[in-house]
Amino acid sequence: MSATIVWFRQDLRLADHPALSAAVARGKPVIPVFLWTPEEEGEWAPGAASRWWLHQSLTALSKDLAKAGSPLVIRRSPGSLAALRQLLKETGADAVYWSRRYEPLVIERDRHIKETLRAENIEVRSFNAALLIEPWDVQNLSGKPFQVFTPFWRKVMSSLDPPAPLPAPKRIAAPTRSPKGVDLESLDLMPDIPWYTGMDKAWQPGERGAAKRIDVFLDGPVKHYGDTRNLPAEAGTSRLSPHLHFGEVSPRQLWHAAPKWRTSQFMTEIGWREFAHHLLFHFPRTTNEPLRADFARFPWREDSRELEAWQRGRTGIPLVDAGMRELWETGWMHNRVRMVVASFLVKNLRMHWLHGARWFWDTLVDADLASNTLGWQWAAGCGADAAPYFRVFNPESQAEKFDPQSEYIRHWIPELSGKGKGAYPTPIVDLKASREAALAAFKTLRK
């Protein structure tokens, strides 16, 4: 039998799916496949919150593919190449299509798979399904990658004209006999202890959930985005980041769904996502090392008690704790608050940004290696277009400005209004003294 394997990864949708559309257009049976191979992604394999989301998203995708005519085949394997070879052998398929990913280990893996299978006379094609522009297609005037966002996005927007999104295939031809897979439950993506009830209430993973989120956002919040996007108590942001990360919607779909917002602050946030992938592709070592080499000698502190207090929302600093509790409960945190809690960790507590990056990686439903790396290096001042060393977010003044009625804080810290159990802790650090200590430490890098 001649057929096309479509390897689903972070592209868990049917609409605007170039690899799937190309496979259907090939005119041969299509075998949709998902391979669970976390070992290949090293320490940045999906964290707990991401695995929860993945389970829900794969459930939705499986239903959609079955309805379209060709069910999803799920397999667990220590290696993607071995799993694909086995599928090719079992089915007689002669082509493998997939959507590109941009994490360093995944790039190397995919390159090896592509070279190996092509040498074995298998047609292999990869497609851009996740970005408006490929990381290698934009350069500065010196022909080098950008390291500052504003000129990067200006250059992209000057020529950006993404084609219209592809429609979902109405019918996907299945092979006469589909290969066997494993049950989704056997991947053990769901935790044994049901700590995810808050995420269940907050999110609807899957392509339909993404479409609903877009409709809600475009019907209201986007109209006031410039005014409300910084207010954590307001539903003023799109909350599309996990849907984008798992590929339940493409940025190209957003571009065409909101034509009058293309020059708005909202589309600029999409631009930051593009910039993050641009940086990760050109500077792959930054997942674990500072882009600015001088930061290798920065005098970071280590204090497990203070780190745990930060992780659990028990620092005694209300806006920081509210954000960390929102994260723990819902798998998400408002972007303004993300900047505040990150600044507090790397500057007031002066702890290594990787502590924060790893905690976010495990607890965020939108944990994305490119965006996570950019965000934490920005906060620490050691990355591209980073916040200057002397910029230390004051959680108290940030709360006064962006949560003036303390609605957000009181919601996540009920004990402050006498509704929660237990006493609220005293601050673990003096904000003024710790800021001064941080500035002194940063100045040592200039010597």
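For every chain, the first residue of the written sequence is number 1, and numbering continues from 1 along that sequence. Totals for whole chains, interfaces and linings use all residues, but because this is a predicted model, local features are given only for residues with pLDDT of at least 70 and pairs of side-chain atoms are given and counted only at 80 or more. Heavy atoms throughout the structure, all of them, feed into the side-chain values; hydrogens and water do not.

Caption draft 1: Main features of the pattern of salt bridges. For this document, the term salt bridge refers to a Lys or Arg side-chain nitrogen within 4 Å of an Asp or Glu carboxyl oxygen. Taken as a whole and judged by the stated rule, the model has 24 salt bridges. With a closest N to O distance of 3.0 Å, Asp94 and Arg26 form a salt bridge. Of this pair, Asp94 sits in the loop between α3 (80-91) and β4 (95-99) while Arg26 sits in the loop between α1 (18-25) and β2 (30-36), and the two are 68 residues apart along the sequence. With relative accessibility at 22%, the residue Asp94 sits in the partly exposed group. Here Arg285 ties to Glu289 by a salt bridge, and the two come within 3.7 Å at their closest N and O atoms. Classification of residues uses two cut-offs on accessible area relative to the type maximum, computed with a 1.4 Å probe and protein chains only: under 20% is buried, over 50% is exposed, and between them is partly exposed. Look at Arg285 and you get partly exposed, because its relative accessible area is 38%. Helical segments are the DSSP runs of H or I of at least four residues, strand segments are the runs of E of at least two, and each set is numbered from the N terminus.

Caption draft 2: Representation of helix α14 (residues 335-348) in the model. What a helix should span is 1.5 Å times the count of its residues minus one. Here α14 spans 19 Å end to end across 14 residues, near enough to the 20 Å set by a 1.5 Å rise per residue. Phi turns positive, to about 55 degrees, at Arg350, one or two residues after α14.

Caption draft 3: Layout of helix α17 (residues 395-402). Within the span of α17, buried status applies to Pro395, Gln398, Ala399 and Phe402. In an axial view of α17, the angular spread of the buried residues amounts to 100 degrees, which keeps them on one side of the axis. Turned more than 90 degrees off the buried face of α17, the exposed positions are Glu400 and Lys401. Turning to α17, the residues buried within the fold contact α13 (318-330), α14, α18 (407-412) and α19 (431-443). Any pair of nitrogen or oxygen atoms within 3.5 Å is treated as a polar contact; in protein, a donor-acceptor pairing is required on top of that, and neighbouring residues in sequence qualify only through side-chain atoms on both sides. The N-cap residue of α17 is Asn394: its side-chain oxygen and the backbone nitrogen of Glu396 are 2.8 Å apart. This arc corresponds to the set of directions leading from the helix axis out to the C-beta atoms. Any pair of residues with heavy atoms lying within 4.5 Å of one another is described as a contacting pair.

Caption draft 4: Spotlight on the packing of aromatic side chains. Each pair of aromatic rings taken from Phe, Tyr and Trp, with Trp reduced to its six-membered ring, is defined by centres within 6.5 Å and is described as stacked if the planes are under 30 degrees apart, edge-to-face if over 60, and tilted in the remaining cases. Considering all chains together, one arrives at 28 aromatic pairs under this definition. Ring geometry for Phe149 versus Trp272: centroids 4.2 Å apart, planes at 10 degrees, classification stacked. With Phe149 in helix α5 (residues 149-159) and Trp272 in helix α11 (residues 265-282), this pair connects stretches of sequence that are 123 residues apart. For Phe149, a relative accessible area of 6% translates into the label buried. What makes Trp272 partly exposed here is its relative accessible area of 25%.

Caption draft 5: Unusual backbone geometry, seen in detail. The phi angle at Asn121 is positive, at roughly 65 degrees, despite the residue not being glycine. Relative to the assigned elements, Asn121 resides in the loop between α4 (104-119) and β5 (123-127). One non-glycine residue with positive phi stands out, namely Arg239, at about 55 degrees. Relative to the helices and strands, Arg239 resides in the loop between α8 (225-228) and α9 (241-245).

Caption draft 6: Quick look at the pairing of β2. For β2, a buried count of 7 out of 7 residues is recorded, marking the element as mostly surrounded by other parts of the structure. Note that the unit made of strand β1 (residues 4-8), α1 and β2 has a crossover that is right-handed. Two strands pair when backbone bridges link them, and β2 and strand β3 (residues 73-76) are joined in this way by 4 bridges, in the parallel orientation. Opposite Phe34, over in β3, you have Ile74 as the bridge partner. Handedness of the crossover is the feature at issue here: the chain leaves β2, passes through helix α2 (residues 48-68), returns alongside β3, and the resulting connection is right-handed. Here a crossover is taken to be right-handed if, once the strands point away from the viewer, the path from the first strand over the helix to the second is traced clockwise. Two strands pair under a simple rule: DSSP has to find at least two bridges between them.

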